[in-house]
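Topology and contacts: notes
Each chain is listed here by its residues.
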Amino acid sequence: MSTEPNNPVLLKASFNPIIRAYIIFYVSMVLLSTIVGIPLMIIWLLGVGKWYSRHYFDKLECELTHHTLRFKKGILLQIEKTIPLENIQDMTFIEGPLLRHFNLCILKIETAGQSHHNSNEMKLVGINDAPAFRAAVLGQRQKLAEKKTTVDPTVVLTEIRESLLRVEDLLKMLNKK
């Protein structure tokens, strides 16, 4: 993923390679749960699953910049999401029995303005040291929020002075009429 020069990458997430085995097992269980999926599961387990999971893992990218969180995944259907840090409301860890078995977790990012279809939601599966990554994202979001609330008094005074000069000019024009 390319970044703009004024928005450099602060942290690039790494993903646990065990996610490949998780993908193979998860898809196998989904295919096994349907009658039509059973023959497809055989094909999946004979090599298609290994190929897919390896390429899927190779395409995973996640970057934290000064202002955004970017995520990219997919082989046939590539998805790239960019979330402004100020829109992030919460970051939640999700662990189920299958994820725990593979020593993985999902880091779910909830954003402001979420619709009912969760289109503004991002789920990151298998990030190495997910708690540290979460802390880095929330820390950068906090820095950004503090920066926006901090106002330079000289800028405010300059704006007030310019405004007063404009008012003075308007009063002079009114007095001439």
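Not measured: the values here are computed from a predicted model. All chains use their own residue numbering, which begins from 1 and follows the written sequence. Totals for whole chains, interfaces and linings use every residue, but because this is a predicted model, local features are given only for residues with pLDDT of at least 70 and side-chain atom pairs only at 80 or more, for both listing and counting. Each side-chain value is worked out from all heavy atoms of the structure, with water and hydrogens disregarded.

Digging into the nonpolar core
Definition of nonpolar core: a set of buried residues of the types Ala, Val, Leu, Ile, Met, Phe, Trp, Tyr and Cys, connected through side-chain atoms within 4.5 Å. To sort residues, take the accessible area from a 1.4 Å probe on protein chains only and compare it with the maximum for the residue type: under 20% means buried, over 50% means exposed, and anything in between is partly exposed. Ranked by internal contacts, the top residues of the largest apolar core, which has 35 residues, are Leu69, Leu124 and Phe133. Under the DSSP-based scheme used, a helix requires at least four consecutive residues in state H or I and a strand at least two consecutive residues in state E, with every element numbered from the N terminus. Sorting elements by how many residues they give to this core places helix H1 (residues 19-32) first, with five residues. Excluding residues that lie within four positions of it along the chain, Phe133 makes contacts with Leu11, Ala13, Cys62, Leu69, Leu107, Leu124 and Ile127. Here a residue-residue contact requires only that any non-hydrogen atoms of the pair lie within 4.5 Å.

Overview of the confidence of the model for the chain
Atomic detail in the predicted coordinates should be set aside for any region of low pLDDT. As a per-residue measure, pLDDT tells how confident the predictor is, with possible values from 0 to 100. Averaged over every residue, the pLDDT of the chain is 87; the share at 70 or more is 90%. Summarising per-element confidence for the chain, the mean pLDDT is lowest in helix H5 (residues 153-176) (85) and highest in strand E2 (residues 61-65) (94).

Thoughts on unusual backbone geometry
Positioned with a positive phi, Asn103 is a non-glycine residue whose angle comes to about 60°. By secondary structure assignment, the location of Asn103 is in the loop between helix H3 (97-101) and strand E6 (106-111). What makes Asn103 exposed here is its relative accessible area of 65%. Positioned with a positive phi, Asp129 is a non-glycine residue whose angle comes to about 50°. You can see Asp129 is positioned in the loop between strand E7 (122-125) and helix H4 (130-149). A relative accessible area of 53% means that Asp129 is categorised as exposed.

Some details on the state of the cysteines
Disulfides are defined as cysteine sulfur pairs within 2.5 Å. Summed over the entire model, instances satisfying the criterion amount to zero disulfides. You can see Cys62 has no disulfide; the closest cysteine sulfur is in Cys105, sitting 13 Å from it. Classification of Cys62 by relative accessible area gives buried; the value is 0%. Residue class for Cys105 comes out buried when judged on its relative accessible area of 13%.

Examining H1
Residues three or four positions apart in an α-helix share a direction because the helix packs 3.6 residues into each turn. By this rule the span expected of a helix is its residue count minus one, scaled by 1.5 Å. Here H1 is 14 residues long and its end C-alpha atoms lie 20 Å apart, about the 20 Å a rise of 1.5 Å per residue gives. Among the residues of H1, those classed as buried are Ile19, Tyr22, Ile23, Ile24, Ser28 and Leu31.

A short note on a nonpolar patch on the surface
By definition, no residue in a patch forms a salt bridge, and every one has over 30% relative accessible area; like charges are joined within 9 Å, nonpolar side chains (Val, Leu, Ile, Met, Phe, Trp, Tyr) within 5 Å. Only the protein chains shown count as covering a residue, and every accessible area follows the Shrake-Rupley method with a 1.4 Å probe. Salt bridge, as used here: a side-chain nitrogen of Lys or Arg that lies within 4 Å of a carboxyl oxygen of Asp or Glu. Residues Phe25, Met29, Leu32 and Ile38 make up a contiguous nonpolar surface patch of roughly 330 Å² in combined accessible area. In terms of residues, the nonpolar patch owes the most to one element, H1, which gives three residues. In this fold, Ile38 is placed in helix H2 (residues 37-59). Looking at Ile38, the relative accessible area reads 36%, which means it is partly exposed.

Regarding the packing of H1 against H2
Only the stretch in contact is used when fitting a helix axis, every axis being a line fitted to C-alpha atoms; angles between N-to-C directions are given from 0 to 180 degrees. Packing of H1 against H2 brings their axes to within 9 Å, and their N-to-C directions diverge by 155°. Between H1 and H2, the crossing angle belongs to the class labelled roughly antiparallel. Regarding H1 and H2, the two cross each other, and that crossing is right-handed. Comment on the angle field: the value is read as roughly parallel under 35 degrees, roughly antiparallel over 145, roughly perpendicular from 65 to 115, and oblique elsewhere. Crossings are classed by handedness, with left-handed meaning an anticlockwise turn of the near helix from the far one by less than a right angle and right-handed meaning a clockwise turn.

Brief notes about the sheet that holds E2
DSSP bridges decide pairing: two strands pair if at least two such bridges lie between them. Ordered by their spatial adjacency, four strands build an open sheet running E1-E2-E3-E4, and the pairing between neighbours is antiparallel. On the outer flanks of this sheet lie strand E1 (9-12) and strand E4 (79-84), each paired with one strand and no other. Strand after strand, the sheet turns through a mean of 20° between neighbouring axes, direction not considered. Relative to strand E3 (residues 68-73), E2 runs antiparallel, the two sharing four bridges. In the sheet register, Glu63 faces E3, and the bridge partner there is Arg70.

Some details on the sheet that holds E6
Reading across the sheet, the three strands line up as E5-E6-E7 and stay open at both edges, with antiparallel pairing between neighbours. On the outer flanks of this sheet lie strand E5 (88-94) and E7, each paired with one strand and no other. Pairwise comparison of adjacent strand axes, ignoring direction, gives a mean angle of 20° for this sheet. Sheet analysis places E5 next to E6, joined by six bridges and oriented antiparallel. From the neighbouring strand, Phe93 faces E6, where its bridge partner is Leu107.

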